[in-house]
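Summary of the model geometry
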Amino acid sequence: MKEVRWHARAGQGAKTVSQLLAEAGLLAGSSVQAFPEYGPERRGAPMRAYTRISDKTIRRHDPVAAPDIVIVLEPTLVNEMNVAEGLSKDGVVLVDTNELPDALKGVKALAIPATKIAHNHGLKFSNVVMLGAAAAAGGIPLANIQDAAVKKLGKRLDADSLRGAIAEGYACLA
Amino acid sequence: MPVKTQEGAQLLTGGDAVANAMAQIDPDVFPVYPITPQTPIIQTFAKLVANGKASTEIVNVESEHSAMSATIGSALAGARSMTATSSQGLALMAEVVYIAAGMRAPIVMAVGNRALSAPLNIHCDHSDSMMIRDSGVIQLFAESVQEAYDLMVMAPRIAEHPDVMLPVLVCQDGFTLTHSEEPLELTPDEVVKDFVGEYHVPLPLLDVENVTTKGIFALQDYYTELRYAMNAAMEKAVPVIEEVFGEYSKIVDRPFGILEEYEIEGAERVIFLMGSTAGTIKDVVDELRAKGEKVGLLRLVSYRPFPAEQIRKALAGATEVIVLDRSDAPGSVPSLHSEMAAALYGSSAKLRAHVFGLGGRELVPDEARAIFAGEAPTHIALRS
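Every chain is numbered on its own, with residues counted from 1 as its sequence reads. Chain letters start at A and ligand numbers start at 1, both assigned in the order the entries are written. With pLDDT at 70 or above as the cut-off, local features in this predicted model cover only qualifying residues; side-chain atom pairs require 80 or more to be listed or tallied, and sums for whole chains, interfaces and linings still use all residues.

Only DSSP runs of H or I with at least four residues qualify as helices, and only runs of E with at least two residues qualify as strands; both kinds are numbered from the N terminus onward. For chain B, the count of helices and strands is 12 helices and 14 strands. As defined in this context, the radius of gyration uses C-alpha atoms, and a globule is described by 2.2 Å times the residue total to the power 0.38. The globule rule puts the C-alpha radius of gyration for 384 residues at 21 Å, and the 20 Å found for chain B is close to it. Viewed in the frame of its principal axes, chain B has a C-alpha envelope of about 65 × 55 × 45 Å. Put plainly, a residue is buried at 20 or more neighbouring C-beta atoms within 10 Å of its own, exposed at 12 or fewer, and partly exposed in between, counting only other residues' C-beta atoms, which are placed from the backbone. Taking all 384 residues of chain B together, the buried fraction comes to 52%. By the criterion used throughout, residues are in contact when their C-beta atoms, derived from the backbone, lie within 7 Å. Long-range contacts, defined here as pairs at least 24 residues apart, represent 81% of the contacts in chain B between residues at least 6 apart.

Dropping the structure here:
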């Protein structure tokens, strides 16, 4: 089982991509689960979301405590909390940033310039680029994650831009 | 014969799942007032109605008290009627929930279980359902998104059965299920339609040929008898639920029961609880079983009617029963604990009980291990 924890501020689209990763897992034939964890619901407040992907039916309903992949959509959050808390032995933290913040020294972490990549593809939100990176880290085929994203977001966002941005995020882990 | 599902499994939240079931049932009237974490249910349902998937009259009322009042009125007038709520909404509705049951209105209500104030909390526990435990409504608790959907499809048949005629609440854990996406197999529309059938209440209010009075006055003369009749209906509800579960199970090829026995065979220590946490416990049961520990799980689906006899039978081989209540009862012990004690009266099994999961503090596998090992505190995860 791959367990993913997403850190973001409410409004950055973490819930959406946590679900898209699950959708892609489902397309790839896995058992999946995606759920958000809110405090008081307000834009800008720190929130978490979780995705589980497994070969076996997922039955548990507790939050992800020992993630294999941590995705940080908002780099300033690393100064407010330990985003690497409970990270599994071979786990990795992926941060939407050009340069890893000092707070992550000693943690197996990777900077993904997702905001820049998103802008290059004409997209306002970098969450889909981080989704591509998460999919690569989770071993989800690129086509599944692109299809899942286009199916859900294709009406609002240009399909080619989406596919391109996701592919570039995916390639960051190649 | 099992039918093929529409397009295979799709990802839906518990809220969306139940809203889809409602749209397939296509009730006549749906008076409702929003509250977290139930709001996604009415949002999705309203969207489905607006898109023409259902022809329900949605009545936006000014409170949950009014929502249930309007639901009773339309149900007794002869229209299939549903509503939905959570937490404080159910608290405000409570007065009228007793009336719905007492007037034998076969209403179906979707509940996203949530803690009660104070302090203010939007996350799951079962305190709201417990508050109306003696109201005379049937309460069924789901473990997963799929089960929440399936119970919703089956609920009208139970509520409207002539031997029952009581409201049915389909309860799912707030956020943990209402906002969680899990793979769901939708039952095809026409299969749901056939399964649910036409709505029928004896002597509807709008039957002007046979004029009847609803909401009668009953004093020392008949009050006792009319309240007692609800006991009889609850007793009959047990076989009715089993019959409806059995019939639907054959259609969708998934098992349903008023209880779920998981690794009960040969189990010495058995956890007893309701809701989504059962899934987490199952994983721990598998792990401990692999180590040779004789542990099991008994999950309660039908909280009301409480199937005491079946529970006693299922636990006949257990030496220790561990009850987990997702609600507290200051000054006494919570509902499942006391009712299990009554069910086991005279049995040699040891009874242990814990309170867990208040205000959304989910039970984690380590805590489940400690519970089985007898090393957990009375209130799980309580910080000093």
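On we go from here.
The next point concerns the domain arrangement of chain B. All names here are of chain B. Reported domain spans reflect what an automatic or database domain assignment gives. The domain architecture assigned to chain B consists of domain 1 (10-252) and domain 2 (259-373). Distance from the C-alpha centre of domain 1 to the C-alpha centre of domain 2: 26 Å. Counting residues at the interface gives 26 residues for domain 1 and 21 residues for domain 2. Of all the elements, helix 8 (residues 223-252) adds the most residues to the side of domain 1 that touches domain 2, at 5 residues. Here the term charged refers only to Asp, Glu, Lys and Arg, the term nonpolar to Ala, Val, Leu, Ile, Met, Phe, Trp, Tyr, Cys and Pro, and the term polar to all other amino acids, Gly among them. Grouping the amino acids of the side of domain 1 that touches domain 2 by side-chain chemistry returns 13 nonpolar, 8 polar and 5 charged.

The next point concerns the environment of I122 of chain B. Take I122 of chain B: it is sitting in the loop between strand 5 (108-113) and helix 5 (127-131). Setting aside its immediate chain neighbours within four residues, I122 of chain B contacts T36, P37 and R114 of chain B.

Excluding glycine, residues mostly carry a negative phi; peptide bonds, for their part, are mostly trans. Residue and element names in this part refer to chain B. Residue A118 is reached from S117 by a cis peptide bond, and omega for that bond is 0 degrees. Note that A118 resides in the loop between strand 5 and helix 5. Note that the residue after A118, namely P119, is joined by a cis bond; omega there is -5 degrees. Of note, P119 is situated in the loop between strand 5 and helix 5. Notably, D26 is not glycine yet its phi reads approximately 55 degrees, a positive angle. C-beta crowding within 10 Å serves as the criterion here: with 17 such atoms nearby, D26 is assigned to the partly exposed category. Look at F175: it is not a glycine, yet its phi comes out positive at around 65 degrees.

For the rest of this paragraph, the subject is the interface of chain B and chain A. A common way to report how large an interface is uses the accessible area buried once the components associate. Between chain B and chain A, the contact holds 18 residues from the first and 16 residues from the second. Within the residue set of the side of chain B that touches chain A, elements represented by two or more residues are strand 8 (181-184) and helix 9 (277-290) of chain B. No other element matches helix 9 of chain B, which puts 5 residues into the side of chain B that touches chain A.

In this section: the sheet that holds strand 12 (residues 302-304) of chain B. Residue and element names in this part refer to chain B. Two strands qualify as a pair provided DSSP detects at least 2 bridges between them. Here 5 strands make up an open sheet; going across it, the order is 4-5-7-6-12 and the pairing mixed. Both outer strands of the open sheet, strand 4 (82-85) and strand 12, are each paired with one neighbouring strand and no more. The average angle at which neighbouring strand axes cross in this sheet is 20 degrees, direction not considered. Pairing geometry for strand 6 (residues 138-141) and strand 7 (residues 168-173), over 4 bridges, is parallel. Across the sheet, the residue bridging to F141 is C171, located in strand 7. Where helices are involved, their axes are fitted lines through C-alpha atoms of the stretch in contact, as for all axes, and angles between N-to-C directions lie from 0 to 180°.

This part covers helix 9 of chain B. Residue and element names in this part refer to chain B. Multiplying 1.5 Å by the residue count of a helix minus one yields the expected span of that helix. Compared with the 20 Å implied by 1.5 Å per residue over 14 residues, the 20 Å span of helix 9 between its first and last C-alpha is a close match. What helix 9 keeps buried is the set T277, A278, G279, I281, K282, V284 and V285. Looking one or two residues past helix 9, G292 carries a phi angle of roughly 90 degrees, positive in sign.

Residue and element names in this part refer to chain B. With 30 residues, helix 8 should cover 44 Å at 1.5 Å per step; its first-to-last C-alpha distance of 42 Å lies within 8% of that length. Residue A237 marks the point of greatest curvature in helix 8, where the axis turns by about 30 degrees; the proline P239 follows within four residues. When we look at burial in helix 8, the residues that qualify are A233, A237, I241, V244, F245, Y248 and V252. Note on helix 8: the residue one or two positions beyond its end, D253, has a positive phi of about 60 degrees. We define the bend at any residue as the angle between the axes fitted to the seven residues before and including it, ending there, and the seven starting there.

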